[in-house]
Amino acid sequence: MTKIKLAVAAGSYCGGCDMSIVALNEMLIPLEDAIDLQFWQFAADFKLKDVEKLKDGEIDITLFDGPIRTSEHIKTAHLFRKKSKIMIAYGSCACFGGIPQLANSYSAKEILDENYVHGYNMDDSGQNHMQPTSEYKKGRKMTLPKLLDSCLPLDTEVEVDYFVPGCPPVPGQWETLLDIISKFIKTGELPPKGTVIAGNTALCEECGRTKPDEIVINKFVRPYEVDPDPEICLLAQGIICLGPATRSGCGAKCTLNANVPCRGCFGPAPEVNDAGIKMLSAIASIAGAKKEGELGEEGLKALMDQVVDPFGTFYRFAVPEIMKQMKMAKKQVKHVSSKSK
Amino acid sequence: MPEILNPKPKIVAFFCKWCSSKAADIAGVSRMEYPPNFIPIMTPCSGRVEPEFIFDAFAEGADGVLVAGCHLGECHYVVGNYKTLKRMILVKKLAKEMGIEEERIRVEWIATAEAKKLVTVTNDMVNKLKHLPPCSSKLKGVTQEEKTND
Ligand code: SF4
Ligand code: SF4
Ligand code: SF4
Ligand code: FES
């Protein structure tokens, strides 16, 4: 049997995605003989320079976790794309930007200033104590990669074949993934490009909570303020839950097991492009519904003001489409103008 | 392109067909002067203006967006403009977090007979946006030059 060459590469990841692979435990046993691991820094001391020596397309599958946050991640993404037949965005970060994309509401300069200029620091030698380059031995310099102004999903940088959402993905998705891999080994067949390896409905379908026929929110409550009723839909209790616009596949982990609302880590539900804006719209529609005249302009303003931080609420795991589009458009312009030079 | 054909700031205006759209007609017919910066789009009701339309307008290069509908309580679809009001509060907050200033998004209730209000609102909006840099340079994380620590 020919072995599958597998790599696990990363952008700005937290390690949780890699842990989710380790945590598969005995599910990994059948893979042992089938896989020839080419790169996985989380597991062993693999070096990028060894990957550089590989032939183009020599790696069969790369799982890439984490979004593109620094100049280093751009290089890594392109290197693994070039060396791999199949590129899989693994985890919400690589698929949609993930938690790190929340930083998109600040520019890189604001982030660096906050942390290294105005922030508390052990070294208070003044404003310039952030040193991107340092000489650690005489004549041997190290330079930190550049922090980009945005934090974007993998597919804004390179072509992605499959998406495995989740923060981190769950074993159920691995069952599908392992099927795909073993079928690929046996027959060379693959699912259509762009396939999202997760559920095919909205999360509400998976969530067993009782949903009233009509949901109206007259007061918004944040999860820490209450101990929600575990049986009734959280939206109906005034808690913003992104279930209606989020893809299923996690087994409604948060709403069923933890009694907290869905934050949307599985990304937009099928047929939904920008889940955040859809949810924002839906929340606005059900807020104070049927009582609008009575509440009047002032009353409605006061009610809507209870929704704090719409960016962090509706876009916790996914870059807004507008940001992605504008960034891509800008890149194209750059590309064209650098070509015509 | 000559300035007159491509006035800056560029503002997309969603006019409800039952009120502000008619007010714009009346303003035109009565030869009231209003700025050429607006790209009017007629909608069946201000409630038809979905939040993504606002962001699409910005993504396509608008510097501002105006949504005009019937006065509260006078929407032909009863609650369309209440929906607009509620949504736009969240849209403005979201936009602000993304680096788009509040002045760039405006909601106004303009009845058919209020051509004058339309003229005042449009002039005022142009005056306020004139002093802001183009919106495309505002969106955080998108358009600033990627020069940080090197
Ligand atoms: S998707 Fe979640 S678990 Fe995976 S790298 Fe991102 S933050 Fe960590
Ligand atoms: S609690 Fe959330 S996921 Fe469950 S039904 Fe209600 S909105 Fe949907
Ligand atoms: S309930 Fe929502 S946030 Fe929680 S794991 Fe599932 S998709 Fe992610
Ligand atoms: S009909 Fe004019 S706002 Fe609804």
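Residues numbered from 1 in each chain as written. Chains lettered and ligands numbered in written order. Predicted model: local features only at pLDDT ≥ 70, side-chain atom pairs only at ≥ 80, totals over all residues. Heavy atoms only, no water.

Asks: Describe the interface of chain B and chain A, and please don't skip the residues or the numbers.
Replies: Facing 32 residues of chain B, the contacting portion of chain A comprises 46 residues. Across the interface of chain B and chain A, roughly 3,700 Å² is buried in total on both sides, 64% from carbon and sulfur atoms. Applying the counting criterion to the chain B and chain A interface returns 3 salt bridges. In this structure, glutamate 52 of chain B and lysine 278 of chain A form a salt bridge, with 2.5 Å as the shortest nitrogen-oxygen distance. The interface formed by chain B and chain A includes 9 residue pairs in polar contact (both at pLDDT 80 or more). Taken together, the elements giving at least two residues each to the side of chain B that touches chain A come down to α2 (51-59) and α3 (80-97) of chain B. (Contact = heavy atoms within 4.5 Å. Buried area = accessible area lost by both parts, 1.4 Å probe. Salt bridge = Lys/Arg side-chain N within 4 Å of Asp/Glu carboxyl O. Polar contact = N/O pair within 3.5 Å; in protein donor to acceptor, adjacent residues only side chain to side chain. Helix = DSSP H or I, 4+ residues; strand = E, 2+ residues; numbered from the N terminus.)

Asks: If you had to explain helix α9 (residues 275-286) of chain A to someone new, which residues and values would you point to?
Replies: Taking 1.5 Å per residue as the helical rise, α9 of chain A with its 12 residues ought to reach 16 Å, and the 17 Å between its terminal C-alpha atoms agrees with that figure. Counting buried residues in α9 of chain A gives 9 out of 12 residues, a clear majority hidden from the surface. For α9 of chain A, every residue scored as buried is listed here: Ala275, Gly276, Ile277, Met279, Leu280, Ser281, Ile283, Ala284 and Ile286 of chain A. At its buried positions, α9 of chain A is contacted by α10 (292-304) and α11 (310-314) of chain A together with α2 and α3 of chain B. Phi for glycine 288 of chain A, located one or two positions after α9 of chain A, is positive at around 60°. (Expected span 1.5 Å × (residues − 1). Buried < 20%, exposed > 50% of the residue type's maximum accessible area, 1.4 Å probe, protein only.)

Asks: Provide a residue-level description of the site of ligand 1, including the pertinent values.
Replies: Every residue close to ligand 1 is listed here: Tyr13, Cys14, Gly16, Cys17, Gly91, Ser92, Cys93, Gly166, Cys167 and Pro168 of chain A. Secondary structure elements with two or more residues in the shell around ligand 1: α1 (16-22) and α4 (92-96) of chain A. (Near = heavy atom within 4 Å.)

Asks: Provide a residue-level description of the site of ligand 3, including the pertinent values.
Replies: Around ligand 3 lies a shell formed by Leu203, Thr246, Cys250, Lys253, Cys254, Cys262, Arg263, Gly264, Cys265 and Phe266 of chain A. Grouping the constituent residues of the shell around ligand 3 by class yields 6 nonpolar, 2 polar and 2 charged. (Nonpolar A, V, L, I, M, F, W, Y, C, P; charged D, E, K, R; others polar.)

Asks: Can you tell me about the packing of α10 of chain A against α3 of chain B, naming the residues and giving the values?
Replies: Across the interface, α10 of chain A lies against α3 of chain B with an axial gap of 10 Å and an inter-helix angle of 5°. With respect to each other, α10 of chain A and α3 of chain B are oriented roughly parallel. Contact residues: Glu292, Gly293, Glu297, Leu300, Lys301 and Met304 of chain A in α10 of chain A; Tyr82, Leu85, Lys86, Ile89, Leu90 and Lys93 of chain B in α3 of chain B. Here the residues of the contact of α10 of chain A with α3 of chain B sort into 6 nonpolar, 1 polar and 5 charged. (Axes fitted to C-alpha atoms, helices over the stretch in contact; angles between N-to-C directions. Parallel < 35°, antiparallel > 145°, perpendicular 65-115°, else oblique.)

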